[in-house]
Structure formats: structure tokens, C-alpha cells
Amino acid sequence: MARYLVAAGLHEDPEQAYLLAQEARKLAARVGVVREACGIAAYRAGQWAEALAELRAAKRLTGHSVGLPLIADSERALGRLDKALAIVHDPETGNLDRATQIELRIVESGIRRDQGMADAAVLALQVPELNAKRLHPWSARLFYAYADALAETGRTDEARDWFARAAGADTGEETDAAERYEELDDVTFEDLAAGFEDSGDEPESMPVADLGSVSEKLPAGMSAADFDDGSGDEPEPEDFAASDGGSAGAFGQAAGEPEVPAES
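Residues numbered from 1 in each chain as written. Predicted model: local features only at pLDDT ≥ 70, side-chain atom pairs only at ≥ 80, totals over all residues. Heavy atoms only, no water.

Brief notes about helix 10 (residues 156–169)
Taking 1.5 Å of rise per residue, 14 residues should cover 20 Å, and helix 10 covers 20 Å from first to last C-alpha, within 8% of that figure. Among the 14 residues that make up helix 10, 12 are buried, leaving the element largely enclosed by the rest of the structure. Buried residues along helix 10 sit in contact with helix 9 (139–152) and helix 11 (177–184). (Helix = DSSP H or I, 4+ residues; strand = E, 2+ residues; numbered from the N terminus. Expected span 1.5 Å × (residues − 1). Buried < 20%, exposed > 50% of the residue type's maximum accessible area, 1.4 Å probe, protein only. Contact = heavy atoms within 4.5 Å.)

Some words on the nonpolar core
Membership of the largest hydrophobic core comes to 28 residues, with the highest contact counts inside it found for L125, L130, L142, F143, Y146 and W162. Elements with a contribution of two residues or more to this core: helix 7 (98–114), helix 8 (118–123), helix 9, helix 10 and helix 11. Take this core: its biggest share by element is nine residues, from helix 9. In terms of nonpolar packing, the next biggest core, distinct from the first, is built from 25 residues, A41, L55, A72 and L85 among them. (Core = buried A, V, L, I, M, F, W, Y, C linked by side-chain atoms within 4.5 Å.)

Structural notes on the packing of helix 6 (residues 81–88) against helix 7
Put simply, helix 6 and helix 7 touch, their axes get as near as 10 Å, and they point 150 degrees apart. What the angle tells us is that helix 6 and helix 7 run roughly antiparallel. Our pair here, helix 6 against helix 7, has a crossing hand that is left-handed. Where helix 6 approaches helix 7, its residues L81, A84, L85 and V88 are matched on the opposing element by L104, V107, E108, I111, R112 and D114. Looking at the contact of helix 6 with helix 7, its residues break down into seven nonpolar, no polar and three charged. (Axes fitted to C-alpha atoms, helices over the stretch in contact; angles between N-to-C directions. Parallel < 35°, antiparallel > 145°, perpendicular 65-115°, else oblique. Left-handed = near helix turned anticlockwise from the far one by under 90°. Nonpolar A, V, L, I, M, F, W, Y, C, P; charged D, E, K, R; others polar.)

A look at the packing of aromatic side chains
A complete count under the given rule lists four aromatic pairs for this structure. For the pair Y146 and W162, a centre-to-centre distance of 5.2 Å together with 90 degrees between the ring planes defines the contact as edge-to-face. Of this pair, Y146 sits in helix 9 while W162 is found in helix 10, placing the two residues 16 residues apart along the sequence. Here the two residues Y146 and W162 agree in accessibility, since each one is buried. Positioned above the aromatic ring of W162, the side-chain terminus of R165 is 4.4 Å from the ring centre. (Phe/Tyr/Trp six-rings, centres within 6.5 Å; stacked < 30°, edge-to-face > 60°. Lys NZ or Arg CZ within 6 Å of the ring centre and 35° of its normal.)

Some remarks on helix 5 (residues 68–77)
Burial runs high along helix 5: eight of the 10 residues are buried. Buried within helix 5 we find L68, P69, L70, I71, A72, D73, S74 and E75. Looking at the packing, one finds that the buried side of helix 5 touches helix 3 (32–44), helix 4 (48–62), helix 6 and helix 7. Directly after helix 5, the chain includes G79, whose backbone phi takes a positive value near 85 degrees.

Examining unusual backbone geometry
With a phi angle near 50 degrees, E173 is a residue other than glycine that sits in the positive phi range. As for its position among the elements, E173 is in the loop between helix 10 and helix 11.

A look at the confidence of the model for the chain
Of the residues in the chain, 70% have a pLDDT of 70 or more, and the chain-wide mean is 77. When mean pLDDT is taken per element in the chain, helix 8 scores highest with 96 and helix 1 (residues 2–10) scores lowest with 84. (pLDDT = per-residue confidence, 0-100.)

Considering a nonpolar patch on the surface
Where nonpolar side chains cluster on the molecular surface, the patch consists of M1, Y4 and L27 and spans about 280 Å² of accessible area. Inspection of the secondary structure assignment puts M1 in the segment before helix 1. With relative accessibility at 37%, the residue M1 sits in the partly exposed group. (Patch = residues over 30% accessible without salt bridge, like charges linked within 9 Å, V, L, I, M, F, W, Y side chains within 5 Å. Areas by Shrake-Rupley, 256 points an atom, 1.4 Å probe, with all protein chains shown as cover. Salt bridge = Lys/Arg side-chain N within 4 Å of Asp/Glu carboxyl O.)

Considering the environment of D73
Its place among the elements puts D73 in helix 5. With a relative accessible area of 15%, D73 lands in the buried category. As a C-alpha pair, D73 and I111 span 38 residues in sequence and 8.4 Å in three-dimensional space. Ignoring sequence-local partners within four residues, the contact set of D73 consists of Y43 and V107.

And the structure:
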């Protein structure tokens, strides 16, 4: 069973990875982590209904809500936007860790865009972590989603800057932020990540790229010093990558919406 799970996690083809996870499920269908892994594999393969069934089973077996963002996003993919929003705003999310709060915010932004509410999609992502001086495993996804939402509203200059930040934070090449940046800028994009300091969180399941200097390619008004290891930050919870869809916490933790950096 363990070998099947490891193989599923390493396989580059989502469909094959899902088939391997299903083999593990046949051997240990009552083990929560197996059902969770099968749900994640189904999600990555675009099998939304199967992902919902497996992740909900994992939640029942373990009592944990780590799969809520993937559950919500699967509902969204199936076109059930009201159900997806109900999950995002469920009261139980108030007790979840901050990493998964961010993931649920990203899902909510996508739901708002599906509803044709581009400005609301931007507002959903205006969290204090946009201004944080430390990077976390989910920072690249947050920056990318924010840039994408800004681009949807026509705020191209701001979107370009946030795609640049996302590319600099994306040491594992998880997103196409660099390509999106180049689409919005005449300057050829070069590596941005060297100036960022790691938060100390465990890395997610992704390769680490050898990236170059940031000093000359950061957006206007931003320097590498802005991303040193800021003191006073609270340690982050467990790495979201364990489920690739952890749960999200209370959206009202910070008083009011944070001020987002001004347009460069």
C-alpha cells in the first residue's frame, strides 16, 4: 500500500498517479490517509466527483478538515458555486490553520471570478500576508492568484508587479508566473528568487530550483531587503502540501482589509 502511495506521489502523469492511488485504496480503504491521497490524486487528474467522495471520506475517518480547499474547489469545478462558497464560509473554518485559510481564500477568489465579480475576486485575496516580509510555501500561489485577479480587472501594471513577485517566490516552478510576467512586460524575465528569505517552513513536495540574483529585476519600489527574515512573525502551521488542500481559518482574524502595496 505504501509503495503504491509513493509511486502515485512521484508519477508525473496525473491519470496514472490516480490509478496507482486507487490500488492503494483497494488495500486499505479504511485508512484515512489513503483516502486523502486518493482524493488528492483524483483532484489533480480532474476527476472532481471522485475527489469529493474520497476527500469527504478522509474527513469522516480522520476528523480533520485538511481537505476543505480541495473539496470547495471540486464543487466549484462541477459548477456548484453556492455549495463551494458555503464550504469556504463554514464556521468550522475559524479553527483551521493560516496556511489553509490562504488556500480557501484563493478558492473563493476563483469562485467570485466565475460569478463575474472581478473586484470581489481581488478583495478576497487582500490579506496581511501580501505585505509580509517572509515567504511561505504558499506565498507563490497567493501572489499568483492576486496577480491573476488584478489582470482580470484590467489593472495590468499592478498585475505585472505581482506576477514578478510570484515568480520570485516560486522556487519550485509551480506556476507560470514568469511567463505571465513576460506577457505583460517587454523586458525578458530573469530569475527573481535569490533575494527572498525562506520562512523556515518545511518545503512542499516540489523540486528546488537554482535561481539567480533578484537585485535588478524586482518591481519598482521593492528591494531584496524587503524580504529578509522578519522578526516577530509567528511560526507557520504544518506544511499544507501534506494534503495539497489544507483547511482555512477565520477570515476575520485581521481587523479590516490590509493595505495592498501601491501600484509601482
